[in-house]
Amino acid sequence: MDSQSSSLHNFSSDASELKSFYRFLWNDKVTERSITDQIQSDCERAVNERKVLVLVDSCSISLENKHNRLQDYEGLSRTGINKQGRYFGLKLHPAIVYDMETNMMLGISSTQFVHIDSSTCEEKGDKWSRKKQCIEEKESYKWIAACNQSKETLAKAAHITYVMDREADIIELLDRIPDQRTTLVVRVSHNRYVIDEQGKRILLNDLLARSTNIAEARLKINSKKRKRGDAEFELRYERITIPWRQTSRIKQKKNPDGVPMTVVEIKEVSNQDGEEPIVWRLYTSSEVSSHSQVLELVDIYKRRWLIEEFFKLLKTDGYDIEGTEFSTGKVIRKLILLVMKASIKVLQLKAARDGSSSEKIDLLFSEKEIRCLKSLNKKLEGGTVKQQNPHDAASLAYASWIIARLGGWKEFYQPSRPPGTKTFVWGLEKFESIMIGYNILN
């Protein structure tokens, strides 16, 4: 099997190490809790006194092609339906932590495997049963659970800003999560009725359409779905209150008279070539009093793509977690947690590659690993200035250069050809193998 396309083989350099890794994952003393505790502990140490973004989203891990290999479905859920029937996998719901000041991923503050019933409410014969449930009984409670767990993990952070997509447009979340050190930025999903500052009830989109808080800005479009270039946008913002629905079952209300929010809109007005204009509407729990603050919120929300990059690394761009050969759900879950931890390390090294980050090498590597890296650096450097590691030995960029060289990066003398994600995956794999021998010799 190609060692670069199998998530399991990416952790093993030879048959002996592969066998040991099998035993590790099959060991019942190695629990999911022990792995997640270590992941969250690493994150807790990294966030001290930082202002951080917490990016929360869901990802489906499909094991559709492994239907005949799976022997134990414990811990797996229905993730889809095909011609052969339901197929199983996992619904992963992590919260990853990012520091905008240093442009660095700091870790994972919460991880959930979300259980999905094998039958829908309609299939059970009561399609309205979901309407009768409170949020704690629904799958969507995962958003609130992720924020609550992250608050515990990030207790030492100076400030937390949660960034979430449309699926998190849930009134209970908007009500419960904000506090003095916690801000929300959530993409609007529902054109619901809100209360404006004059106390009038109005649809959200209608309120924004008549808003007088308007400014224009020229912004750069950088999307695979659109032609790249500059475009004109209108910026709007309004302070609102979101009223509670009388028909909903609510166990807890932090703001019983309605949830105060600011809604901002960024709308493209110079659309050309018949392309669908870009429109973003965002809720934030912070007060907005200027259009420069609207642009700051947009810049924060744009960072949400980093969690998509994280999911891509898990599934297709590095570890191919869906290609695992394991046959039991509980082992696959532990493997995914380990791959998540490795993926964060890859993204951290990638972020440090250009030397602009102020992060130190000990953020990711132990004293013994740093000594090994310094020994490797002497062997990897060439005789000319361009072939030298250009970074300070105390910086994370120094380690990033070495790991990329181990991964086969040869364009180190061309700044326009930086190492990519797979290069760091391969480099880390090789470094872990080298550390085994280094530990034996030392």
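Everything numeric here is computed off the predicted structure, so don't read it as measured data.

Chemist: How should unusual backbone geometry be read in this particular structure?
Modeler: Excluding glycine, residues mostly carry a negative phi; peptide bonds, for their part, are mostly trans. Not every positive phi belongs to a glycine, and E49 is a case in point at roughly 65°. Tracing the chain through its elements places E49 in the loop between helix 2 (32-46) and strand 1 (51-56). You will see that D320, though not glycine, has its phi angle at about 45°, which is positive. Position of D320 relative to the elements: it lies in the loop between helix 7 (305-315) and helix 8 (329-351).

Chemist: I keep staring at the environment of L364 and nothing clicks. Help me out?
Modeler: Relative to the elements of secondary structure, L364 occurs in the loop between helix 8 and helix 9 (367-380). Between the C-alpha atom of L364 and that of Q348, which follows or precedes it by 16 residues, the distance is 8.5 Å.

Chemist: Before we go on, may I ask you to explain the pattern of salt bridges in this structure?
Modeler: Charged atoms that come close allow side chains of opposite charge to pair. On inspection of all chains with the given rule, the structure shows 24 salt bridges. Residue R33 pairs with D37 through a salt bridge whose shortest N-O separation is 3.1 Å. Linking R33 with D37, this pair stays in helix 2, spanning 4 residues, or about one helical turn. For D37, a relative accessible area of 37% translates into the label partly exposed. Put simply, E359 and R50 hold a salt bridge, and the shortest N to O gap is 2.6 Å. One end of the pair, E359, is in the loop between helix 8 and helix 9; the other, R50, is in the loop between helix 2 and strand 1, and 309 residues separate them in sequence. As far as the burial class goes, E359 and R50 line up, both buried. Each member of the salt-bridge network shares a partner with another, and the members are D57, D165, R304 and E308.

Chemist: What should I look at first to understand the pairing of strand 11 (residues 229-242) in this one?
Modeler: Working note: regular strand, side chains alternate between the two faces of the sheet. Two elements, strand 10 (residues 214-221) and strand 11, share 8 bridges in a ladder whose sense is antiparallel. Bridge assignment links K220 to a residue of strand 11, and that residue is D230. With 10 bridges joining them, strand 11 and strand 12 (residues 259-268) adopt antiparallel strand pairing. Bridge pairing in strand 12 places Y237 opposite V264.

Chemist: I keep staring at the nonpolar core and nothing clicks. Help me out?
Modeler: Core analysis: the biggest nonpolar cluster contains 123 residues, and M164, L173, F310 and F365 have the highest contact counts within it. Broken down by element, this core gets its largest block of residues, 13 residues, from helix 8.

Chemist: Explain the packing of helix 2 against helix 8 to me, please; I cannot follow it from the model alone.
Modeler: Between two packed helices, both the angle of their axes relative to each other and the distance between the axes serve to describe the pair. Interaxial distance between helix 2 and helix 8 falls to 10 Å at its minimum, and their mutual angle equals 15°. The orientation of helix 2 relative to helix 8 falls into the category roughly parallel. For helix 2 against helix 8, the interelement crossing comes out left-handed. Facing E32, I35, T36, Q38, I39 and D42 of helix 2, the residues of helix 8 in contact are R333, K334, L337, L338 and K341. Classifying every residue of the contact of helix 2 with helix 8 gives 4 nonpolar, 2 polar and 5 charged.

Chemist: Can you help me understand the packing of aromatic side chains in this one?
Modeler: Given two aromatic rings, their pairing is described by the distance between the two centres and the angle made by the two planes. Applying the stated rule across the entire model yields 3 aromatic pairs. Taken together, a centroid distance of 5.0 Å and an interplanar angle of 80° make the contact between W280 and Y301 edge-to-face. Of this pair, W280 sits in strand 13 (residues 279-284) while Y301 sits in helix 6 (residues 291-302), placing them 21 residues apart in sequence. The buried category is assigned to Y301, whose relative accessible area is 3%. Seen from their ring centres, F365 and F431 are 5.8 Å apart, and the 90° between their planes marks the pair as edge-to-face. One end of the pair, F365, is in the loop between helix 8 and helix 9; the other, F431, is in helix 11 (residues 421-441), and 66 residues separate them in sequence. The ring of Y193 carries the charged tip of R201 above its face, separated from the ring centre by 3.9 Å.

Chemist: Would you take a moment to explain the side chain of T102 for this structure?
Modeler: Relative to the helices and strands, T102 resides in the loop between strand 4 (85-99) and strand 5 (104-114). T102 sits in the buried class, given a relative accessible area of 11%. At 3.1 Å, the side chain of T102 and the side chain of E359 are in polar contact.

Chemist: Would you mind going over helix 2 with me for this structure?
Modeler: Residue pairs spaced three or four apart in an α-helix point in one direction, given the helix's 3.6 residues per turn. In a regular helix each residue adds 1.5 Å, so 15 residues correspond to 21 Å; helix 2 covers 22 Å between its end C-alpha atoms and thus fits that length. All buried positions along helix 2 are accounted for by I35, T36, I39, Q40, C43 and A46. Taken around the axis of helix 2, the buried residues stretch over an arc of 125°, which confines them to a single face. Of the exposed residues in helix 2, the ones pointing more than 90 degrees away from its buried face are R33 and R45.

Quick notes on the rules
- Residues numbered from 1 in each chain as written.
- Predicted model: local features only at pLDDT ≥ 70, side-chain atom pairs only at ≥ 80, totals over all residues.
- Heavy atoms only, no water.
- Helix = DSSP H or I, 4+ residues; strand = E, 2+ residues; numbered from the N terminus.
- Salt bridge = Lys/Arg side-chain N within 4 Å of Asp/Glu carboxyl O.
- Buried < 20%, exposed > 50% of the residue type's maximum accessible area, 1.4 Å probe, protein only.
- Pairing = 2+ DSSP bridges.
- Core = buried A, V, L, I, M, F, W, Y, C linked by side-chain atoms within 4.5 Å.
- Axes fitted to C-alpha atoms, helices over the stretch in contact; angles between N-to-C directions.
- Parallel < 35°, antiparallel > 145°, perpendicular 65-115°, else oblique.
- Left-handed = near helix turned anticlockwise from the far one by under 90°.
- Contact = heavy atoms within 4.5 Å.
- Nonpolar A, V, L, I, M, F, W, Y, C, P; charged D, E, K, R; others polar.
- Phe/Tyr/Trp six-rings, centres within 6.5 Å; stacked < 30°, edge-to-face > 60°.
- Lys NZ or Arg CZ within 6 Å of the ring centre and 35° of its normal.
- Polar contact = N/O pair within 3.5 Å; in protein donor to acceptor, adjacent residues only side chain to side chain.
- Expected span 1.5 Å × (residues − 1).
- Arc of directions from axis to C-beta.

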